[in-house]
Amino acid sequence: MAGYLVIGLGTFGRSIAQTLYENGKMVLAIDQQEERVQKVIDDEIASDAITLDVTDENSIKKVVNDDFNTAFVCIGKNTQSSVFITVILKEIGIKTIICKAKNELQGKILKKIGATSVVYPEETMAKETALGVIRPNITEHFKFSEKYRMFEIKAPKDFVGKNLIELNLRNKYEMNIIGIKSKEELNIMPLPNTAISESDILLVIANIEKMALFWKKYNL
């Protein structure tokens with residue numbers, strides 16, 4: 001299983017690491033401050049955490065190997081360190097590098113030197129950023145309550161050709177399909193015999209706890 005690097009364990013980095021880890025991902029958390037690393041270990045929000053000088057190229061190369069293909073660079077305040085580590089990760093061969101930036105100028109620099117994407121986060125954006133990487137086929141829209149939320153989901157391959165009755169999502173996952181977006185139109189309140197086509201986007205209201213089973217079943 002390919003792992004995730006989280007470099008920088010401030011508020012944003014901690015939240016990224018925790019969200020990935022709680023979703024079953026292998027996470028290596030890195031920071032220069034020993035107390036931050038120890039806090040991550042104590043709170044058990046990553047697979048492993050180490051104290052490391054991210055400006056030390058040799059140390060980075062010893063730690064990062066083929067087990068990782070995605071990195072979150074969460075050092076927003078120090079542009080020089082962000083730039084340095086992004087260059088190193090690019091040279092090592094990390095495919096996806098997501099960088100935190102404090103302003104547009106820093107973001108432009110990071111993109112030019114190899115960042116796949118740049119985020120300008122508030123603390124509340126951390127979870128959405130992580131989930132957007134590990135579940136690109138799911139977009140969360142509204143929180144109706146602590147139990148139910150609305151999502152857009154790219155129809156899994158197993159759904160194609162089946163209608164809503166056959167899928168039986170309401171009984172299996174407490175999930176109701178309230179809309180289907182195809183290339184041609186948006187079908188609001190589809191009928192039970194409506195069949196799912198390839199590339200359809202499903203608008204659903206679902207039980208949050210049951211969604212975890214759904215994600216695992218269809219590898220989303």
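See the structure printed just above.
Residues numbered from 1 in each chain as written. Predicted model: local features only at pLDDT ≥ 70, side-chain atom pairs only at ≥ 80, totals over all residues. Heavy atoms only, no water.

Quick look at the sheet that holds strand β1 (residues 3-7)
Stated formally: Strand pairing is assigned whenever DSSP detects at least two bridges linking the two strands. Only runs of H or I of at least four residues qualify as helices and only runs of E of at least two qualify as strands under DSSP, and these elements are numbered from the N terminus. The axes are straight lines fitted to the C-alpha atoms, using for helices just the contacting stretch, and the angles between their N-to-C directions are given from 0 to 180°. The contact criterion used is simple: two residues touch if any of their non-hydrogen atoms lie within 4.5 Å.
One open sheet holds the 6 strands; their spatial order is β3-β2-β1-β4-β5-β6, and the pairing between them is parallel. Whereas interior strands pair on both sides, the edge strands pair on one side only; in this sheet they are β3 (48-51) and β6 (117-119). Averaged over neighbouring strand pairs, the angle between their axes works out to 20° when direction is ignored. Across the sheet, helix α2 (residues 34-43) touches β2 (27-31) and β3, and the angle it forms with β3 is around 165°.

Focus: the pairing of β3
Walk down a regular strand and you will see the side chains alternate between the two sheet faces. Pairing between β2 and β3: 4 bridges, direction parallel. Bridging from a neighbouring strand, Ile30 pairs with Ile50 of β3.

Quick notes on the pattern of salt bridges
Applied cut-off: One side-chain nitrogen of Lys or Arg within 4 Å of one carboxyl oxygen of Asp or Glu is enough to make a salt bridge. In this scheme, a residue with accessible area under 20% of its type's maximum is buried, one over 50% is exposed, and one in between is partly exposed, where area comes from a 1.4 Å probe on protein chains only.
According to the stated counting rule, one finds 7 salt bridges in the structure shown. Two residues, Lys108 and Glu104, come together in a salt bridge whose shortest N-O distance is 3.7 Å. One end of the pair is Lys108 and the other is Glu104, both in helix α5 (residues 104-112) and 4 residues apart, which spans about a single turn. Close ionic contact of Lys210 with Glu174 constitutes a salt bridge, the shortest N to O distance being 3.3 Å. Within this pair, whereas Lys210 is found in helix α9 (residues 208-218), its partner Glu174 is found in the loop between α8 (169-173) and β9 (175-181), the two being separated by 36 residues in sequence. Residue Lys210 is classed as partly exposed on the basis of its relative accessible area, which comes to 25%.

With respect to the nonpolar core
Heads up, the rule is: We call a set of buried residues a nonpolar core when its members are Ala, Val, Leu, Ile, Met, Phe, Trp, Tyr or Cys and they connect through side-chain atoms within 4.5 Å of each other.
In terms of nonpolar packing, the biggest core is built from 22 residues, with Leu5, Ile7, Ile30, Ile60, Val73, Leu89 and Ile94 touching the most fellow members. Counting residues per element, the ones that place at least two in this core are β1, β2, β4 (68-73), α4 (79-92) and β5 (96-100). Ignoring sequence-local partners within four residues, the contact set of Ile94 consists of Leu5, Val64, Phe68, Asn69, Thr70, Ala71 and Leu89. In terms of nonpolar packing, the next biggest core, distinct from the first, is built from 19 residues, Leu164, Leu167, Leu169 and Val204 among them.

Here we look at α5
Worth spelling out the cut-off: Taken from the helix axis, the directions to the C-beta atoms give the arc we talk about. Counted as a polar contact is a pair of N or O atoms within 3.5 Å, where, for protein atoms, one must be capable of donating a hydrogen and the other of accepting one, and residues adjacent in sequence contribute only when both atoms are in side chains.
Along α5, the positions that sit buried rather than exposed are Gln106, Gly107 and Leu110. All buried residues of α5 fall inside an arc of 100° around its axis, so they share one side. The outward face of α5, more than 90 degrees from its buried face, is lined by the exposed residues Glu104, Leu105, Lys111 and Lys112. Of the surrounding secondary structure, the elements contacted by the buried residues of α5 are α4, β5 and β6. Looking at where α5 begins, the residue whose side-chain oxygen comes 3.3 Å from the main-chain nitrogen of Leu105 is Asn103.

Regarding the pairing of β5
Note the cut-off: The handedness rule is simple: strands pointing away from the viewer, and a clockwise path from the first strand over the helix to the second, make the crossover right-handed.
The sheet contact formed by β4 and β5 spans 4 bridges and is parallel. Paired with Val73 across the two strands is Cys99, which belongs to β5. Of the pairings in the sheet, the one linking β5 to β6 comprises 3 bridges and is parallel in character. Looking across to β6, one finds that Lys100 is bridged to Val119. In this fold, β5 hands off to α5, which returns the chain to β6; that crossover is right-handed.

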